[in-house]
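Structural overview
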Amino acid sequence: DAGVIQSPRHEVTEMGQEVTLRCKPISGHNSLFWYRQTMMRGLELLIYFNNNVPIDDSGMPEDRFSAKMPNASFSTLKIQPSEPRDSAVYFCASLRERHEQFFGPGTRLTVL
Amino acid sequence: GDSVTQMEGPVTLSEEAFLTINCTYTATGYPSLFWYVQYPGEGLQLLLKATKADDKGSNKGFEATYRKETTSFHLEKGSVQVSDSAVYFCALSPRSAGKSTFGDGTTLTVKP
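The rules behind the values
- Residues numbered from 1 in each chain as written.
- Chains lettered and ligands numbered in written order.
- Predicted model: local features only at pLDDT ≥ 70, side-chain atom pairs only at ≥ 80, totals over all residues.
- Heavy atoms only, no water.
- Contact = heavy atoms within 4.5 Å.
- Buried area = accessible area lost by both parts, 1.4 Å probe.
- Salt bridge = Lys/Arg side-chain N within 4 Å of Asp/Glu carboxyl O.
- Polar contact = N/O pair within 3.5 Å; in protein donor to acceptor, adjacent residues only side chain to side chain.
- Helix = DSSP H or I, 4+ residues; strand = E, 2+ residues; numbered from the N terminus.
- Nonpolar A, V, L, I, M, F, W, Y, C, P; charged D, E, K, R; others polar.
- Buried < 20%, exposed > 50% of the residue type's maximum accessible area, 1.4 Å probe, protein only.
- Core = buried A, V, L, I, M, F, W, Y, C linked by side-chain atoms within 4.5 Å.
- Phe/Tyr/Trp six-rings, centres within 6.5 Å; stacked < 30°, edge-to-face > 60°.
- Pairing = 2+ DSSP bridges.
- Axes fitted to C-alpha atoms, helices over the stretch in contact; angles between N-to-C directions.

Description of the interface of chain B and chain A
- Between chain B and chain A, the contact holds 16 residues from the first and 18 residues from the second.
- The junction of chain B with chain A conceals about 1,500 Å² of combined surface from both sides, 54% of it contributed by carbon and sulfur atoms.
- Summed over the shared surface of chain B and chain A, the result is two salt bridges.
- Of the charged contacts in the structure, one is a salt bridge between Lys99 of chain B and Asp56 of chain A, with a shortest N-O distance of 2.8 Å.
- Here chain B and chain A share five residue pairs in polar contact (both at pLDDT 80 or more) between them.
- For the side of chain B that touches chain A, the elements supplying multiple residues, two or more each, are β5 (32-38) and β6 (45-50) of chain B.
- Here the side of chain B that touches chain A takes three residues from β5 of chain B, the largest share from any one element.
- Classifying every residue of the side of chain B that touches chain A by side-chain character gives seven nonpolar, five polar and four charged.

What to know about the environment of Arg108 of chain A
All names here are of chain A.
- Looking at where Arg108 falls in the secondary structure, it is placed in strand β11 (residues 107-111).
- In this structure Arg108 comes out as partly exposed when scored by relative accessible area, which is 45%.
- Expressed as a C-alpha distance, the spacing of Arg108 and Tyr90, which sit 18 residues apart in the sequence, is 6.4 Å.
- Discounting residues that sit within four places of it in the chain, Arg108 has contacts with Arg9, His10, Glu11, Ala88 and Val89.

A few points about the nonpolar core
- The biggest cluster of nonpolar side chains holds 26 residues, and the ones touching the most others in it are Trp35, Leu47, Leu48, Phe73, Leu75 and Tyr88 of chain B.
- Sorting elements by how many residues they give to this core places strand β10 (residues 86-93) of chain B first, with four residues.
- Apart from the residues within four sequence positions on either side, Leu47 of chain B is in contact with Trp35, Tyr36, Val37, Asn59, Lys60, Phe62, Leu75 and Tyr88 of chain B.
- With 21 residues, the next largest nonpolar core counts Val19, Trp34, Leu46 and Phe65 of chain A among its residues.

Side note on the packing of aromatic side chains
- Inspection of the entire model under this criterion finds eleven aromatic pairs over all chains.
- Ring geometry for Phe34 of chain B against Tyr36 of chain B: centres 6.0 Å apart, planes inclined by 40°, an arrangement best described as tilted.
- When the centroid spacing of 5.6 Å and the interplanar angle of 40° are considered together, the rings of Phe62 of chain B and Tyr88 of chain B count as tilted. Of this pair, Phe62 of chain B sits in strand β8 (residues 62-65) while Tyr88 of chain B sits in strand β10, and the two are 26 residues apart along the sequence.
- Among the residues examined, Phe62 of chain B registers a relative accessible area of 2% and is labelled buried.
- On the basis of relative accessibility, which here comes to 0%, the residue Tyr88 of chain B falls in the buried class.
- Aromatic rings pair up to connect Phe33, Tyr35, Tyr48, Phe91 and Phe103 of chain A together with Phe34, Tyr36 and Phe102 of chain B into one cluster.

A look at the sheet that holds strand β9 (residues 75-77) of chain B
Residues and elements named next belong to chain B.
- With antiparallel pairing, the four strands of this open sheet are ordered in space as β3-β9-β8-β7. Because the sheet does not close on itself, it has two edges, and the strands there are β3 (19-21) and β7 (56-59). Taken over all neighbouring pairs, the strand axes of this sheet differ in orientation by 15° on average, direction set aside.
- Two elements, β3 and β9, share three bridges in a ladder whose sense is antiparallel. Bridged to Thr20 within β9 is Glu76.

Here it is, written out as structure tokens:
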């Protein structure tokens, strides 16, 4: 298995632009998680899905952030409009019930 | 709610020194416990896990024992190497489907 796949690996954009991050979970995993990691705030859970349904989005910072999971093999995290304080590494992770999470390599986002 | 408390870092050791990183948790029921490791520029990856009381997880010379009586899962290694320099996260996952709870991470630097 290729593991969790994230794209792009690096994204540099200007303030106000829309950013879309993509994730392909491991086949057969029924839960998917989006995290954000910064030096100041550490690792933060933004949202997670179970069987493609959003279960807890309490970590989504504000309405500028949205996430979708249209099917079991794909999810997106969108920021519109982006701001410099959104600069971080965004990780996607998936798991099979009652097992460990598998993390993707992350997307390093820089908003200028 | 569930919580994980890790020993604060950073931790700096000399090569071949003994390592302990403390982790305690609060959870309802009987969660599974994990240690993840994050090398620079990479996502988190599972280091070891334990799924029930008194289980010992081990990998790459690292060990941790699930202690229900003290609600702890301390990470140990008898002789660290420079290549062990990384950030270590303690985490728990409930038995039922749900989000995992991560500690804040402990940065380990091993000097030659």
